[in-house]
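Architecture and fold: a report
Each chain, written out:
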Amino acid sequence: MAKSRTYDEKSITVLEGLEAVRRRPGMYIGSTSRKGLNHLVYEIVDNAVDEHLAGHCSSIFVALEADGTALVEDDGRGIPVGMHEKGMPAERLVFTTLHAGGKFDDTAYKTSGGLHGVGSSVVNALSTWLDVEISRDGQIWHDRYERGKPVLDLEDGHLPVLGKTRKTGTKVRFLPDPEIFEVVRFSSEDIASRLHETAYLNPTLKITFEDRRQTPAVHSEFYEPDGITGYIRDMNRTNEAVCPPIYFQGSSEGILVECAFQYVNEFHESVLGFCNNIYNAEGGTHLTGFKTAFTQVMNTYARDLGILKDKDPNYTGADVRNGMTAVISIRHPDPSFEGQTKTKLDNQDAARAVSKVTSEEVVLFFDKHLETLKQVLSCAERAAKIRRSEEKVKTNLLSKQKYSFDSNGKLANCESRTPEKCEIFIVEGDSAGGSAKMARDRSTQAILPIRGKILNVEKASIDKVLANAEIKTMINAFGCGFSEGYGNDFDISKLRYNKIVIMADADVDGAHISTLLLTLFYRFMPELIYEGHVYIAMPPLYKVIPSRGEGEYLYDDTALEKYRRTHKGSFTLQRYKGLGEMDAGQLWETTLNPETRVLKKVEIEDARMASDVTEMLMGNDVPPRKAFIYEHAQDALLDV
Ligand code: 0R9
């Protein structure tokens, strides 16, 4: 609480006239909309709150009247009415001079929140009329203004007296000027909410609010003896609490610091900052001080308790505030504000003071409340887990953005756009690709030649995989994206081809290419395999042409041996070294023509089995991996 201070008329500083306020009202109250209008009430209430902070006012009454006026009354000492050296009663200086009435001494905690803390003179300037009654020294003194100008004559330098009283206090009634404001109807909800907030921040202050524009009048009383702890409790009333609200206060460098926080079972934080009773929408140094100290303290605890190991990185600030609702309220003798709306506290000493008080007090509390500490740390751990997986997603998304899959490479697409009818052949080598392009049924068969050995995806980082031209073209051609970890962008419904056929030579290199392609599909597009879209073309190794009769393709050595055993008479044996050696007609017959080709479907039955497969596919142990893939390809159904 601020100290009580002695009134010194000389210390009132005269700065500007009220004409400037009427010319540019937005400069002083932010806007001339309903928000600006409501602000007039806050300005007057804030002066009464200052009197409370000075230790002389315990209740404030606010009413919105049916005639459009607002009434604010306090039970403080009453604004001084004595003659000021400027030649008018101090009260008139308060209502006619900008910035008057604050600078008594540096230890006062005035309710002045940046742009809008400009006081009663602004309200006066923007009102059609304003009426003041001051109960002080046994008399009720009266003064009145119209559009900022006093209209009552003084008698012997004294304000007119309305009567006698034993009470003290100040009553201000005003009618906002419709020449200035777009709307002149105050918002009852906004004003009530702000008054309630003021009550939380000032636990010994009673605020009564009446909206007398309604019949019957709506009456509310705001008295929050639990202060910001009650504020936190009320904000969290509909959430599942992880712990009760925790409160601490302290002071440093002449700054009073008060803080309350609580954790709830939610994945968001809400940390509100107030300086001298004014909410700082843009935050500022007090919040920075709190957050920095709190993060540091919680990380220290997490390591002390072994929740974070040596190798683990610290929790981030956001991790430790996961689920936190907090109010940081400070009293500063000379606050300064910056930011878009001048609601961001700027004082560096505020950061230091809040940080110091927070470090000391939070440790004092948690040293005695180990269970609560563990609950809070478990919120942080949950947040850290989610953050890590989100970071992974972001990395994936970034890499996806970096590599636009817009290149079609050498894809010779088919004409049909009906996926059920379409097939894509991934053909090893340019020359085989060229033959396949000529041989295919272009209405339904697409050919994608790939060169050499594609990247070994199980060893490459996602960046490298996605930078690979062949892989990019493939992903683009399939049309269904790819998935990796949490970044699952794969959508099988977008697949453009019912069959994806790997067409590689029947030699070791061809087998290697097939393995790499299957590994790629398995890692980034496993549903292609689960849903039976992947096939391996089985080009023949031999063609036998008997001297009489039809020629025949033989797919392996066993078939050749059998042919030798069973065939009577001579035959010409043609051995294919690779797909590139086949002409278009042969290629059509052996691998493309749905009537005559031999395709093997790659099948991996279920996810349980697949997880074993992953290890094998991703591991360094090449031979079993190759064997596995071929085993499954061989087991697969013959598709003709
Ligand atoms: C209903 C709204 N209330 C007010 O606007 C209000 C201003 C005010 C006040 C003092 C007391 N009550 C107030 N209510 C006050 C009194 C004394 C010293 N400082 C402040 C005193 O008795 O010594 N004032 C705010 C500014 C000034 N008074 C002035 F000093 F500048 F005039």
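Here, every reference points to the structure presented above.
Figured I'd write up the structure that's included with this text.

**Some thoughts on the packing of helix H3 (residues 34–53) against helix H6 (residues 188–201)**
- One way to put it is that H3 packs onto H6 with a least axis distance of 10 Å and a crossing angle of 20°. Comparing their axes, H6 and H3 come out roughly parallel. Between H3 and H6 the crossing geometry is right-handed. For the pair H3 and H6, contact is made by Asn38, Val41, Tyr42, Val45, Asp46 and Val49 and by Asp190, Ile191, Arg194, Leu195 and Thr198, respectively.
- Tallied by class, residues from the contact of H3 with H6 come to six nonpolar, two polar and three charged.

**Quick notes on the packing of aromatic side chains**
- Within the structure shown, the criterion is met by 14 aromatic pairs.
- Measuring from centroid to centroid gives 5.3 Å for phenylalanine 365 and phenylalanine 366, while their planes differ by 75°, and the two rings are edge-to-face.
- Classification of phenylalanine 365 as partly exposed rests on a relative accessible area of 22%.
- Within the aromatic cluster, the residues linked to one another by ring pairs are Phe261, Tyr263, Phe290, Phe294, Tyr301, Phe365 and Phe366.
- The lysine or arginine in question, arginine 144, covers the ring of tryptophan 129, its NZ or CZ lying 4.5 Å from the ring centre.
- Between the NZ or CZ atom of arginine 194 and the centre of the ring of tyrosine 42, over which it lies, the distance is 4.5 Å.

**Considerations on the side chain of glutamate 224**
- Residue position: glutamate 224 is located in the loop between strand S9 (218–222) and helix H7 (227–235).
- It is arginine 233 that comes nearest to the buried, bridge-free glutamate 224 among opposite-charge side chains, at 7.2 Å.
- The residues touching glutamate 224, leaving out its near neighbours within four places in the chain, are His196, Ala199, Tyr200, Pro203 and Asp234.

**A closer look at the sheet that holds strand S11 (residues 255–263)**
- Pairing is mixed across the open sheet formed by five strands, whose spatial order is S10-S11-S14-S12-S13. The outermost strands of the open sheet, each flanked by one partner alone, are strand S10 (246–252) and strand S13 (278–279).
- Pairing of S10 with S11 involves seven bridges; the strand directions are antiparallel. Paired with isoleucine 246 across the bridge in S11 is phenylalanine 261.

**Considering helix H18 (residues 584–592)**
- Residues of H18 that are buried include every one of Gln586, Leu587, Thr590, Thr591 and Leu592, and no others. All buried residues of H18 project into a common sector of 155° when viewed along the axis, lining one side.
- Its side-chain oxygen placed 3.0 Å from the backbone nitrogen of glycine 585, aspartate 583 serves as the N-cap of H18.

**Digging into a nonpolar patch on the surface**
- Together, Leu305, Ile307 and Leu370 give the surface a local cluster of nonpolar side chains, amounting to about 210 Å² of exposed area.
- With respect to the helices and strands, the residue isoleucine 307 is situated in the loop between helix H8 (285–304) and helix H9 (317–320).

**Points about the pattern of salt bridges**
- Here the structure, examined in full by the defined rule, presents 23 salt bridges.
- Between arginine 173 and glutamate 65 there is a salt bridge, with the nearest N and O atoms lying 2.9 Å from each other. Of this pair, arginine 173 sits in strand S7 (residues 169–176) while glutamate 65 sits in the loop between strand S1 (59–64) and strand S2 (70–74), placing them 108 residues apart in sequence.
- For arginine 173, a relative accessible area of 25% gives the class partly exposed.

Basis of the calculations
- Residues numbered from 1 in each chain as written.
- Predicted model: local features only at pLDDT ≥ 70, side-chain atom pairs only at ≥ 80, totals over all residues.
- Heavy atoms only, no water.
- Axes fitted to C-alpha atoms, helices over the stretch in contact; angles between N-to-C directions.
- Helix = DSSP H or I, 4+ residues; strand = E, 2+ residues; numbered from the N terminus.
- Parallel < 35°, antiparallel > 145°, perpendicular 65-115°, else oblique.
- Left-handed = near helix turned anticlockwise from the far one by under 90°.
- Contact = heavy atoms within 4.5 Å.
- Nonpolar A, V, L, I, M, F, W, Y, C, P; charged D, E, K, R; others polar.
- Phe/Tyr/Trp six-rings, centres within 6.5 Å; stacked < 30°, edge-to-face > 60°.
- Buried < 20%, exposed > 50% of the residue type's maximum accessible area, 1.4 Å probe, protein only.
- Lys NZ or Arg CZ within 6 Å of the ring centre and 35° of its normal.
- Lys, Arg positive; Asp, Glu negative; His and termini not counted.
- Salt bridge = Lys/Arg side-chain N within 4 Å of Asp/Glu carboxyl O.
- Pairing = 2+ DSSP bridges.
- Arc of directions from axis to C-beta.
- Polar contact = N/O pair within 3.5 Å; in protein donor to acceptor, adjacent residues only side chain to side chain.
- Patch = residues over 30% accessible without salt bridge, like charges linked within 9 Å, V, L, I, M, F, W, Y side chains within 5 Å.
- Areas by Shrake-Rupley, 256 points an atom, 1.4 Å probe, with all protein chains shown as cover.

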